[in-house]
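Here is how the chains run, residue by residue.
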Amino acid sequence: MAARGFTVEAVTVRRGGAALLDSITVDIAAEACTAVVGPSGAGKSTLLRVLNRLEEPVTGRVCWQGTPLPDMDAPALRRRIGLVAQQPVLLAERVLDELWVGQPRLSGQAAEELLDRVGLAETFAGRRSAELSGGQAQRVCLARALAVEPDVLLLDEPTTGLDAVNASVVEDVIRGFVSAGGTVVVASHDATLVARVAHQVVLLDGGRLVTVGLPTDIASWGMR
Amino acid sequence: MGDAVTPGVSVPSWAGVALSVLLVALAAGLAYSQRLGLTRPLLVASARAGVQLVAVGVVLLVLFKHAGLWGALGWVVVMVAVGGQVAGRHGRGVPLARVAATVGIAAGTGLTLGALLVLRIVATAPRVVIPVGGMIVLGALQATGLALQRVRDNAQQARPQIEARLCLGLSAREAFVPYQRAALRTALLPAIDSTKVVGLISLPGAMTGLILAGVDPLTAIRYQIVVMYMLLAATALAALITARLAEHALFDHAQRLIPLTGTRTS
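In this text the structure is predicted, and so the values were computed from the model without any measurement.

1. So, the overall build of chain A
Per the secondary structure count, chain A includes seven helices and 10 strands. Overall size of chain A, expressed as C-alpha extent along the three principal axes, is 45 × 40 × 40 Å. By sequence separation, contacts in chain A at least 24 residues apart represent 71% of the contacts at least 6 residues apart.

Structure, rendered in structure tokens:
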């Protein structure tokens, strides 16, 4: 039996009158990787934002391991449930400073290990953030989220802009995180990534839940 | 209307004031001859300024004669309320921006003016309290307006960065602090710059007024030093409190940056 993770119950999110999520009910297992797939505008990113309370449902509720998210202190919740946005957002002058934003006590050695984990050489620690390519910035953002040591990683299109080699690094990070007892929810258009790392797949369309299945089902959903 | 003049001080007579209108006619004539399209605005502005100043003169005359300290402080409260409304407009889109501005200006003015009065650095006469209060409110108004505008603009432009910081488990205050600091720097720089160049580039109002009133320059600068220092304190306090209140209003109970729908003010 899958460990108790997120319970999403009849969640609706509206913005400007439009329903970004429309009465979504789904269980997301802990200690596993769940992929959220669907066309653009399906509500994938919104679902991730709901899971760490960056977005508040107008109706319904979300629980993490049985506890409703509103019952948890928001910063503490976000330390446990980290989110890496689709567009890399850099916050500091140097890469090492990036890793310190959420974890000021991170040692130099731990920082180098984190960079290595996302496929960046240890020399990147001293690099200026502004000089990073899009793919490098994406992986620094991933390392920055890992530095906080969350229980859950919410990843929004984590392989966008990465070549095959670096996409496989991200896959390794996801697999390693889950095998260490972590939970990953990844929103992605990348069928290869989904097939390789996901244990469960949630298909959304137009803000509605279409179905929940296995990675082997996605070809029949028209996703390549 | 009284025509009391401090002995030894030369001020224009009403006839002199009337003659100075000729200078407005000269400016209007120049504007007309050059086809600047400014003749009418120039005449309207001049007439309006004259009427406003006469009205203010009458009000101040009454206040100086009859209001006493409490009346003068009441007038300062009115200035604070008006200043809060004006500064608050710069934070359009920020919930309770006018309240934040009013509280900031009130705190900056109250603490600064209060300290000056309690420590007897300035006299408690209405003819002192009202102009000094006006200077403080004006300085605080400019600083709070700038602070609100920058806080709002930063919250709009840096939303992805602020949310990225929130996603790392930072509190709303921690996530916003770099943008708050930038807003406060912008708000306080004009006051700091004008303090730096006081007497060098500009002869400030209080000092100029005292010199025109016949006070010797070495005495006038004492007043000006107090004015500059009180303005620094008032602007810093007002901007800080307003920015803090605005920041509080920008985040909801779940420490999320709220959507900002307001339009920019110029």
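2. Notes on the interface of chain A and chain B
Taken together, the contact pairs 18 residues of chain A with 14 residues of chain B. Elements with a contribution of two residues or more to the side of chain A that touches chain B: α2 (74–80), β6 (81–84) and α3 (95–102) of chain A. In terms of residues, the side of chain A that touches chain B owes the most to one element, α2 of chain A, which gives four residues. For the side of chain A that touches chain B, the per-class residue count stands at nine nonpolar, four polar and five charged.

3. Details of the packing of helix α4 (residues 97–118) of chain B against helix α9 (residues 217–250) of chain B
Residue and element names in this part refer to chain B. Contact pair α4 / α9: the axes reach a minimum separation of 8 Å and the direction vectors enclose 150°. Considering their axes alone, α4 and α9 lie roughly antiparallel with respect to each other. Between α4 and α9 lies a crossing whose hand is right-handed. Taking contact as the criterion, the partners of Ala97, Ala100, Ala101, Val103, Gly104, Ile105, Ala107, Gly108, Thr109, Leu111, Thr112 and Leu116 in α4 are, on α9, Met230, Ala233, Ala234, Thr235, Leu237, Ala238, Ala239, Ile241, Thr242, Leu245, Ala246 and Ala249. Of the residues contributing to the contact of α4 with α9, the split by class is 18 nonpolar, six polar and no charged.

4. Focus: the environment of Ala32 of chain A
When you line up the elements, Ala32 of chain A lands in the loop between β2 (18–30) and β3 (33–37). When the C-alpha atoms of Ala32 of chain A and His199 of chain A are compared, they prove to be 6.3 Å apart, with 167 residues separating the residues in sequence.

5. Some details on the sheet that holds strand β10 (residues 208–213) of chain A
Residue and element names in this part refer to chain A. Ordered in space as β6-β7-β8-β3-β9-β10, the six strands form an open sheet in which the pairing is mixed. The strands lining the two open edges of the sheet, one partner per strand, are β6 and β10. Between one strand axis and the next, the sheet turns through 15° on average, direction left out of account. Direction of pairing for strand β7 (residues 152–156) relative to strand β8 (residues 183–187): parallel, over a ladder of five bridges. When the sheet's bridge partners are listed, Leu154 is paired in β8 with Val185. Against the sheet, helix α6 (residues 164–179) touches β3, β7 and β8, its axis set at about 150° to β8.

6. Considering the pairing of β3 of chain A
Residue and element names in this part refer to chain A. By the criterion of burial, β3 is predominantly enclosed, with five of the five residues buried. Taken together, the four bridges between β3 and β8 define a ladder with parallel strand orientation. Note on β8: the bridge partner recorded for Val36 is Ala187. Pairing of β3 with strand β9 (residues 200–205) involves four bridges; the strand directions are parallel. For Val36, the partnering residue across the bridge sits in β9 and is Val202.

7. Some details on the confidence of the model for chain B
Residues and elements named next belong to chain B. Put simply, chain B has an average pLDDT of 89, and 93% of its residues get 70 or more. Model confidence for chain B, summarised as mean pLDDT per element, is weakest for helix α8 (residues 205–212) at 81 and strongest for helix α6 (residues 159–167) at 96. Reported confidence for the predicted complex is 0.92 by ipTM and 0.83 by pTM.

8. Some remarks on helix α1 (residues 14–33) of chain B
Residue and element names in this part refer to chain B. The terminal C-alpha atoms of α1, which comprises 20 residues, lie 29 Å apart, in line with the 28 Å expected from a rise of 1.5 Å per residue. Among the 20 residues in α1, zero count as buried, and that is only a small part of the element. The positive-phi residue at the C-terminal boundary of α1 is Arg35, with phi of around 50°.

9. What to know about unusual backbone geometry
Positive phi outside glycine occurs at Ser23 of chain A, with the angle close to 50°. Topologically, Ser23 of chain A is positioned in strand β2. Classification of Ser23 of chain A as partly exposed rests on a count of 15 C-beta atoms within 10 Å. Phi angles above zero are rare outside glycine, and Arg35 of chain B is one such case at about 50°. Along the chain, the position of Arg35 of chain B falls in the loop between α1 and α2 (39–66). The class for Arg35 of chain B is exposed, based on 8 C-beta atoms found within 10 Å.

About the thresholds
- Residues numbered from 1 in each chain as written.
- Chains lettered and ligands numbered in written order.
- Predicted model: local features only at pLDDT ≥ 70, side-chain atom pairs only at ≥ 80, totals over all residues.
- Helix = DSSP H or I, 4+ residues; strand = E, 2+ residues; numbered from the N terminus.
- Contact = placed C-beta atoms within 7 Å.
- Nonpolar A, V, L, I, M, F, W, Y, C, P; charged D, E, K, R; others polar.
- Axes fitted to C-alpha atoms, helices over the stretch in contact; angles between N-to-C directions.
- Parallel < 35°, antiparallel > 145°, perpendicular 65-115°, else oblique.
- Left-handed = near helix turned anticlockwise from the far one by under 90°.
- Pairing = 2+ DSSP bridges.
- Buried ≥ 20, exposed ≤ 12 C-beta atoms within 10 Å, placed from the backbone.
- pLDDT = per-residue confidence, 0-100.
- Expected span 1.5 Å × (residues − 1).

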